[in-house]
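# Analysis of the macromolecular model
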Amino acid sequence: MNELTLQEQRMTSLDIAAVTGKTHAHVLRDIRNMEPAWEKECGAKFGRTSEKIKMPQGGVRLIPVFSLTKMECLYVATKFNDEARARLVKRWHELECQQLGVKMPEQKLLVTEKEIMHKSDEIRRTLIADENADADGCYSASDIARMMEMTVNQLNKRLVEEGVQFWNGGRYKLTKEYEGSGYAQDRNFHYYALDGEKKERKYLVWTAIGMEFIRTIL
């Protein structure tokens, strides 16, 4: 790495791959997947540059790589497993100690890591909250159950008994009799799994006329 100020210190995607033991292709995939969220929150894309790599048959080839600051690097590392992330944090600590010429207190490093991980979690929570914003003019089964002083399980069970909905593929769907009635519609729910992968599932939300229909039949 170049002799830069601490604020300008960077690590390339090739460096990240070498430290974490991941392939460069996998590191590039993770960086590209997480760049839109970072750009939306921070207003800038990740840095890009190029490096020469040696080819198996001899010679060199110029390849595009990402160039990340410490905060960007550890944000991307939230996609990694605990061991890979720990190796990356340790490497940053070593680089900073080398540059400063002093031994940084371990507790200070841990606080810095926590702050960066907290920031990355905030970014993901904000994006998920935006994507999962309430459907305009619609009500979830939980909303309607509270209004009718029932549990959501009781409500769903009654709607199944009345032939309004049925359970299929891990979620409730309208029966054919009520398809196209305007009573309900599918809504997408986004969330992150423990490994950092973004996932999606669908569930029913009820329109105003659907809520009145439920009040009537129950």
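Everything here concerns the structure above.
Structural notes, computed from the coordinates. These numbers were taken from a predicted model, which means no experiment stands behind them.

### Considering unusual backbone geometry
Here E149, not a glycine, exhibits a phi torsion of approximately 55°, which is positive. Locating E149 in the fold gives a position in the loop between helix 6 (141-147) and helix 7 (152-161). E149 gets classed as exposed once you look at its relative accessible area, which sits at 75%.

### Digging into the nonpolar core
One finds I16, F46, L68 and L88 to be the most contacted residues of the largest nonpolar core, which totals 23 residues. Of all the secondary structure elements, the ones that give two or more residues to this core are helix 1 (13-20), helix 2 (24-42), strand 3 (60-69), helix 3 (70-76) and helix 4 (82-100). Take this core: its biggest share by element is 6 residues, from helix 2. Residues A145, L155, W206 and M211 belong to the second largest nonpolar core, which totals 14 residues.

### Thoughts on helix 4
Taking 1.5 Å as the rise per residue, helix 4 with 19 residues should run 27 Å; its terminal C-alpha atoms sit 27 Å apart, in good agreement. Of the positions making up helix 4, those classed as buried are A84, R85, L88, V89, W92, H93, L95, E96 and C97. Two to three positions downstream of the cap, the backbone nitrogen of E83 sits 3.2 Å from a side-chain oxygen, assigning the N-cap of helix 4 to N81. Positive phi shows up at G101, right after helix 4, with a value of about 75°.

### Considerations on the pairing of strand 4 (residues 165-168)
Where strand 4 lies against strand 5 (residues 171-174), 4 bridges are found, and the strand directions are antiparallel. When the bridges of strand 5 are listed, F166 appears paired with K173. In sequence, strand 4 turns back onto strand 5 through a hairpin of 2 residues, with G169 there showing a positive phi of about 60°.

### Focus on the packing of helix 1 against helix 2
Packed helices, taken two at a time, are described by the angle between their axes plus the distance between the axes. One way to put it is that helix 1 packs onto helix 2 with a least axis distance of 9 Å and a crossing angle of 120°. Relative to helix 2, the element helix 1 lies oblique. As helix 1 packs across helix 2, the resulting crossing turns out to be right-handed. Only H24, V27, L28 and I31 of helix 2 make contact with helix 1, whose side of the interface consists of S13, L14, I16 and A17. Among the residues forming the contact of helix 1 with helix 2, the class breakdown is 6 nonpolar, 2 polar and no charged.

### Structural notes on the environment of V164
Its location among the elements puts V164 in the loop between helix 7 and strand 4. Judged by relative accessible area, which is 1%, V164 ranks as buried. The spatial distance from the C-alpha of V164 to the C-alpha of K176 is 8.7 Å, given a sequence separation of 12 residues. When residues no more than four places from it in sequence are discounted, the contact partners of V164 are L159, K173, L174, T175, Y178, W206, F213 and I217.

### Focus on the packing of aromatic side chains
The description of two aromatic rings rests on the distance between their centres and on the angle between their planes. Applying the stated criterion across every chain, the model contains 7 aromatic pairs. On the numbers, 4.9 Å between centres and 40° between planes, the contact of W38 with Y75 is tilted. One end of the pair, W38, is in helix 2; the other, Y75, is in helix 3, with 37 residues separating them in the sequence. Each member of the pair, W38 as well as Y75, carries the same accessibility label: buried. Measuring from ring centre to ring centre gives 6.5 Å for F46 and F66, while their planes differ by 85°; the resulting arrangement is edge-to-face. Of the two residues, F46 is situated in the loop between helix 2 and strand 2 (47-54) and F66 in strand 3; the sequence distance between them amounts to 20 residues.

### Structural notes on the sheet that holds strand 1 (residues 10-12)
The strand order across the open sheet formed by 3 strands is 1-3-2, and the pairing between neighbours is antiparallel. Both outer strands of the open sheet, strand 1 and strand 2, are each paired with one neighbouring strand and no more. Taken pair by pair, the neighbouring strands of this sheet meet at an average axis angle of 40°, ignoring direction. Across the sheet, helix 1 lies against strand 1, strand 2 and strand 3, angled at about 75° from strand 1, the strand it touches most. Those strands touched by helix 2 are strand 2 and strand 3, and its axis lies near 45° from that of strand 3.

### Things to note about the packing of helix 1 against helix 4
With their axes 8 Å apart at the nearest point, helix 1 and helix 4 run at an angle of 115° to one another. Helix 1 and helix 4 meet at a crossing whose hand is right-handed. Two secondary-structure elements touch here, helix 1 through I16, V19 and T20 and helix 4 through A84, R87, L88 and R91. Of the residues belonging to the contact of helix 1 with helix 4, the class tally is 4 nonpolar, 1 polar and 2 charged.

Definitions and cut-offs
Residues numbered from 1 in each chain as written. Predicted model: local features only at pLDDT ≥ 70, side-chain atom pairs only at ≥ 80, totals over all residues. Heavy atoms only, no water. Helix = DSSP H or I, 4+ residues; strand = E, 2+ residues; numbered from the N terminus. Buried < 20%, exposed > 50% of the residue type's maximum accessible area, 1.4 Å probe, protein only. Core = buried A, V, L, I, M, F, W, Y, C linked by side-chain atoms within 4.5 Å. Expected span 1.5 Å × (residues − 1). Polar contact = N/O pair within 3.5 Å; in protein donor to acceptor, adjacent residues only side chain to side chain. Pairing = 2+ DSSP bridges. Axes fitted to C-alpha atoms, helices over the stretch in contact; angles between N-to-C directions. Parallel < 35°, antiparallel > 145°, perpendicular 65-115°, else oblique. Left-handed = near helix turned anticlockwise from the far one by under 90°. Contact = heavy atoms within 4.5 Å. Nonpolar A, V, L, I, M, F, W, Y, C, P; charged D, E, K, R; others polar. Phe/Tyr/Trp six-rings, centres within 6.5 Å; stacked < 30°, edge-to-face > 60°.

So, to be careful, I would describe these as geometric facts and stop short of saying anything about function.
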